[in-house]
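# Tertiary structure, described
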Amino acid sequence: MATVAELRYYPIKGCAGIAVEQAELTTAGLTHDRAFMVVDEDGVFRSQRRDRALATVRPSVSADGGRLTLEAPGVEALTVPVDTEGPRRPVELFGAPFRGIDQGDAAAAWLSEVLGAHGRLVRVPPEHDRVTDGLVPGTSGYADSCAVHLLSRESLDDYNARTGEPPLAADRFRPNIVVTGWTEPHTEDLARRLTIGGAELAYAKLAVRCAVTLVDQSTGAKAGPEPLRTLARYRRAADGGVVFGAKFAVLRPGTLRVGDELAVADWGPSER
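Now for a quick tour of the structure. (Residues numbered from 1 in each chain as written. Predicted model: local features only at pLDDT ≥ 70, side-chain atom pairs only at ≥ 80, totals over all residues. Heavy atoms only, no water.)

Tallying secondary structure elements over the protein gives three helices and 18 strands in all. The C-alpha radius of gyration of the protein comes to 18 Å, within 12% of the 19 Å expected for a compact globule of 272 residues. Principal-axis analysis of the C-alpha atoms gives the protein an extent of 50 × 40 × 35 Å. In the protein, which comprises 272 residues, the proportion classed as buried is 56%. A fraction of 69% describes how many contacts in the protein between residues 6 or more apart in sequence connect residues 24 or more apart. Of the roughly 11600 Å² of accessible surface on the protein, 50% is carried by carbon and sulfur atoms. (Helix = DSSP H or I, 4+ residues; strand = E, 2+ residues; numbered from the N terminus. Rg over C-alpha atoms; globule rule 2.2 N^0.38 Å. Buried < 20%, exposed > 50% of the residue type's maximum accessible area, 1.4 Å probe, protein only. Contact = heavy atoms within 4.5 Å. Areas by Shrake-Rupley, 256 points an atom, 1.4 Å probe, with all protein chains shown as cover.)

Further remarks concern unusual backbone geometry. Cis peptide bonds are those with omega within 30 degrees of zero, and the linkage from Gly-224 to Pro-225 qualifies with 15 degrees. Mapping Pro-225 onto the fold places it in the loop between strand 15 (199-208) and helix 3 (228-234). Glu-226 connects to Pro-227 through a cis peptide bond whose omega is 15 degrees. Secondary-structure assignment places Pro-227 in the loop between strand 15 and helix 3. Located in the positive-phi region is Arg-34, a residue other than glycine, with phi close to 50 degrees.

What follows concerns the side chain of Asp-51. When you line up the elements, Asp-51 lands in the loop between strand 5 (36-39) and strand 6 (58-61). The exposure class assigned to Asp-51 is buried, which follows from its relative accessible area of 9%.

A few words on the pairing of strand 1 (residues 2-9). Each regular strand displays side chains that alternate between the two surfaces of the sheet. For strand 1, a buried count of eight out of eight residues is recorded, marking the element as mostly surrounded by other parts of the structure. Pairing of strand 1 with strand 18 (residues 261-267) involves two bridges; the strand directions are antiparallel. Following the sheet pairing, Thr-3 is matched in strand 18 by Glu-261. Where strand 1 and strand 13 (residues 177-180) come together, four bridges link them in antiparallel fashion. By the bridge assignment, Val-4 is partnered in strand 13 with Val-179. Pairing analysis gives three bridges linking strand 1 to strand 2 (residues 18-20), with the strands arranged antiparallel. Note that in strand 2 the partner of Leu-7 across the bridge is Val-20. (Pairing = 2+ DSSP bridges.)

Moving on to the nonpolar core. Grouped together as the largest cluster of nonpolar side chains are 28 residues, with contacts concentrated most on Leu-25, Val-148, Ile-177, Ile-196, Phe-248, Leu-256 and Leu-262. At the level of secondary structure, the elements contributing two or more residues to this core comprise strand 1, strand 3 (22-26), strand 12 (148-152), strand 13, strand 14 (191-196), strand 15 and strand 16 (243-252). Excluding its chain neighbours within four sequence positions, the residues that come into contact with Phe-248 are Cys-146, Ala-147, Val-148, Leu-150, Glu-188, Ala-191, Leu-194, Leu-201, Ala-202, Tyr-203 and Ala-204. Within the second largest apolar cluster, 20 residues are counted, among which are Cys-15, Leu-54, Leu-70 and Ala-72. (Core = buried A, V, L, I, M, F, W, Y, C linked by side-chain atoms within 4.5 Å.)

Let's shift gears to the packing of aromatic side chains. Two measures describe an aromatic ring pair: the distance that separates the ring centres and the angle between the ring planes. Summed over all chains, the structure comprises five aromatic pairs. Seen from their ring centres, Tyr-159 and Phe-244 are 6.4 Å apart, and the 65 degrees between their planes marks the pair as edge-to-face. Here Tyr-159, found in helix 2 (residues 153-163), pairs with Phe-244, found in strand 16; they are 85 residues apart in sequence, far enough to count as distant. Residue class for Tyr-159 comes out buried when judged on its relative accessible area of 1%. Arranged with centres 4.7 Å apart and planes meeting at 50 degrees, the rings of Phe-173 and Phe-244 form a pair that is tilted. Here Phe-173 is found in the loop between helix 2 and strand 13, whereas its partner Phe-244 is found in strand 16, with 71 residues between them in sequence. (Phe/Tyr/Trp six-rings, centres within 6.5 Å; stacked < 30°, edge-to-face > 60°.)

Moving on, we come to the pattern of salt bridges. Applying the stated criterion across every chain yields a total of 18 salt bridges. In this structure, the salt-bridge partner of Glu-127 is Arg-88, at a minimum N-O distance of 2.9 Å. With Glu-127 in the loop between strand 11 (120-123) and strand 12 and Arg-88 in strand 9 (residues 88-93), the pair connects residues that are 39 residues apart, well separated along the chain. A salt bridge links Arg-235 to Asp-189; its shortest N-O distance comes to 2.8 Å. Linking Arg-235 in the loop between helix 3 and strand 16 with Asp-189 in the loop between strand 13 and strand 14, this pair joins segments that are 46 residues apart in sequence. It is possible to trace a salt-bridge network through shared partners that takes in Arg-89, Asp-102, Asp-105 and Arg-120. (Salt bridge = Lys/Arg side-chain N within 4 Å of Asp/Glu carboxyl O.)

Here we come to helix 1 (residues 105-115). Restricting attention to buried positions, one finds in helix 1 the residues Ala-107, Ala-108, Trp-110, Leu-111, Val-114 and Leu-115. Buried residues of helix 1 fall within an arc of 165 degrees about the axis and therefore sit on the same side. Away from its buried face by more than 90 degrees, helix 1 exposes Asp-105 and Glu-113. The inward-facing, buried residues of helix 1 abut strand 5, strand 7 (67-71), strand 8 (78-81) and strand 11. Gly-116 sits one or two positions beyond helix 1 and adopts a positive phi of about 70 degrees. (Arc of directions from axis to C-beta.)

Now the structure itself:
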């Protein structure tokens, strides 16, 4: 029996995640997941691919969603009200145009100091209607693609057994849901429709890994060449990309809890 071992959401795209015992799953993912994004002076999103210091920013959202607190080593914490009604501005995510609500000069100055480069914070507007790709389309906030990234501990254990390096924790791969209890690694590749705690998810695509996996999520330092070096030996997709974990669309929202049983209603072949 597979169960939920970890739940984690990332309020600001590219910044540290928050591990929780319970979370509401909406059609766009776990509540507040990638609801905010840091952009440069042209509105283009900032990522750990270039700005590794994002990993050191630890955001938290108040229970009512009305206040955002930013923390990072060596700087004073900042709490700002969350603006969901202000003017919209154009932003860009992987070349695609979206809109964002600027969260003000105080947040921008704080982030610019931490990053050592211009950064402004934007929030997904209420009318955000992004459609994500994959076998089953869905929606999400400012995530790279789909609403939910799911990874199994069996896949992670299999990777760690191959490296001869200190084992990596799941947070290096920035998943939303970590499950455990499957007999084989990469079973998440095969699950086409599943339920967790009343919520229903549908498989969209494999998770293609990038240079963000080379960043130590606790320090923001580059810690490569792992995991990409080892994953490239046995987890290459047909198009040449390195894949690890799977992305899912949300068919039915619900409450998720650590310990919930995961039931797979439909299986399919791996896209690798």
